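Listed below, chain by chain, are the residues.
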Amino acid sequence: MIQPVASLLRALSFLSRFPALSGAFHGGPHPLAADAPSFPVVGLIVGLLPAVLLVLAMAAGLAPVTASLLALALLVASTGALHEDGLGDTADGLFGHADKDRALAIMKDSRIGTYGVLALAFALLLRIALLAEVADASPLAAACALLAAAAASRGGMGLLWASLPSARPDGIADSLGRPTRRQGLWSVALGLVSGILLGLPAAGLAGIAIAAAISTGVYLWFRSVLRRRLGGQTGDTLGACQQLLEIAILLGLALGSG
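Residues numbered from 1 in each chain as written. Predicted model: local features only at pLDDT ≥ 70, side-chain atom pairs only at ≥ 80, totals over all residues. Heavy atoms only, no water.

Novice: Explain the overall build of the protein chain to me, please; I cannot follow it from the model alone.
Specialist: Scanning the protein chain from N- to C-terminus turns up 10 helices and zero strands. Order of helices (α) and strands (β) in the protein chain, N terminus to C terminus: α-α-α-α-α-α-α-α-α-α. Expected size for 258 residues packed as a compact globule is a radius of gyration near 18 Å; at 17 Å, the protein chain falls within 12% of this value. Principal-axis analysis of the C-alpha atoms places the extent of the protein chain at approximately 50 × 50 × 30 Å. Looking at the protein chain residue by residue over its 258 residues, the buried ones come to 48%. (Helix = DSSP H or I, 4+ residues; strand = E, 2+ residues; numbered from the N terminus. Rg over C-alpha atoms; globule rule 2.2 N^0.38 Å. Buried < 20%, exposed > 50% of the residue type's maximum accessible area, 1.4 Å probe, protein only.)

Novice: What's the story with helix H2 (residues 39-59) in this structure? I'm lost.
Specialist: The α-helix advances 3.6 residues per turn, and as a result positions three or four apart in sequence lie on the same side. An ideal rise of 1.5 Å per residue puts 30 Å on 21 residues; H2 measures up with 30 Å between its terminal C-alpha atoms. Taking the largest bend as the criterion, H2 deviates by roughly 40°, centred on glycine 47, and proline proline 50 comes between one and four positions later. Taken as a whole, H2 has its buried residues at Phe39, Pro40, Val42, Gly43, Val46, Gly47, Pro50, Ala51, Leu54, Ala57 and Met58. One or two steps after H2, the chain reaches glycine 61, where phi turns positive at roughly 105°. (Expected span 1.5 Å × (residues − 1). Bend = angle between axes of the 7 residues up to and from the residue.)

Novice: Any chance you could explain a nonpolar patch on the surface here in plain terms?
Specialist: On the surface, Leu192, Ile196, Leu200 and Leu205 cluster together into a nonpolar patch covering about 380 Å² of accessible area. Here leucine 192 lies in helix H9 (residues 181-229). The exposed category is assigned to leucine 192, whose relative accessible area is 52%. (Patch = residues over 30% accessible without salt bridge, like charges linked within 9 Å, V, L, I, M, F, W, Y side chains within 5 Å. Areas by Shrake-Rupley, 256 points an atom, 1.4 Å probe, with all protein chains shown as cover. Salt bridge = Lys/Arg side-chain N within 4 Å of Asp/Glu carboxyl O.)

Novice: What should I look at first to understand the UniProt feature "transmembrane region" (unreviewed entry) in the protein chain in this one?
Specialist: Using the residue numbers shown here, the UniProt feature "transmembrane region" (unreviewed entry) corresponds to residues 44-77, 112-134, 140-162 and 206-222. Structurally, residues 44-77 is divided into 88% helix and 0% strand, and its ends, taken at the C-alpha atoms, are 15 Å apart. Secondary structure within residues 112-134 divides into 91% helix and 0% strand; the distance between the first and last C-alpha atoms comes to 32 Å. (UniProt positions renumbered as here; feature names shortened; annotations may be inferred.)

Novice: What am I meant to see in the packing of aromatic side chains here?
Specialist: Any two aromatic rings considered together are summarised by their centre-to-centre distance and by the angle between their planes. This structure, assessed with the given rule, holds three aromatic pairs. Relative to tryptophan 161, the ring of phenylalanine 39 lies with its centre 6.3 Å away and its plane at 20°, an arrangement referred to as stacked. Of this pair, phenylalanine 39 sits in helix H2 while tryptophan 161 sits in helix H7 (residues 139-163), placing them 122 residues apart in sequence. Per residue, the accessibility class of phenylalanine 39 equals that of tryptophan 161, and both read buried. The interplanar angle of 40° and the centroid separation of 6.2 Å between the aromatic rings of tryptophan 221 and phenylalanine 222 together place this pair among those described as tilted. (Phe/Tyr/Trp six-rings, centres within 6.5 Å; stacked < 30°, edge-to-face > 60°.)

Now the structure itself:
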């Protein structure tokens, strides 16, 4: 199997509910970290059906907020809520002023706390509301915005993984390796190109510029928090990064589309 295709299939099987093809894992082991440049393409794949559903739902006469809710529900189902789980665990661990060891222990606990519930609720509501703002102007623009955010946010996730050491030596992210700097840069570059190409019909140059500024600020802030509080990244924080960047990108595109 061609290496880029195998890399994409491996990343898709890990980051979504799509079934794994055995040929993609031939000659293993294949640490997921090496497949980080494929993350933005995974975002496009898992976002495609939700984007189509959004357009069809609005064509059927549903309100933008209802269509956005259905589309995001399908998106979450397609990924098995992998990134949402990371956001909830990260919120529980980082809020409450716990020290590093305690924060990591909280994040490892499968139970969800108050901070996690609130983070998930606000994140989902924001994504629905922002996507509906774009959909109110144009269903096709909203579909493009959904795909742009899905791809670019996963590119940023790959960069964060490459730029910070593991905060938990026995964690899932650490067991999957760590992308090289080059792989992290490829990940964010492909995410950026996808975001620009799909963001243009959604919100124009102004929307892309706003989305880039907001998402860059969110990325740098979150990265500094992880360095200060945990000394690095974990699998949960990578998922949280994806969620935060998706919200930031949708916010920028919504502002630009108005």
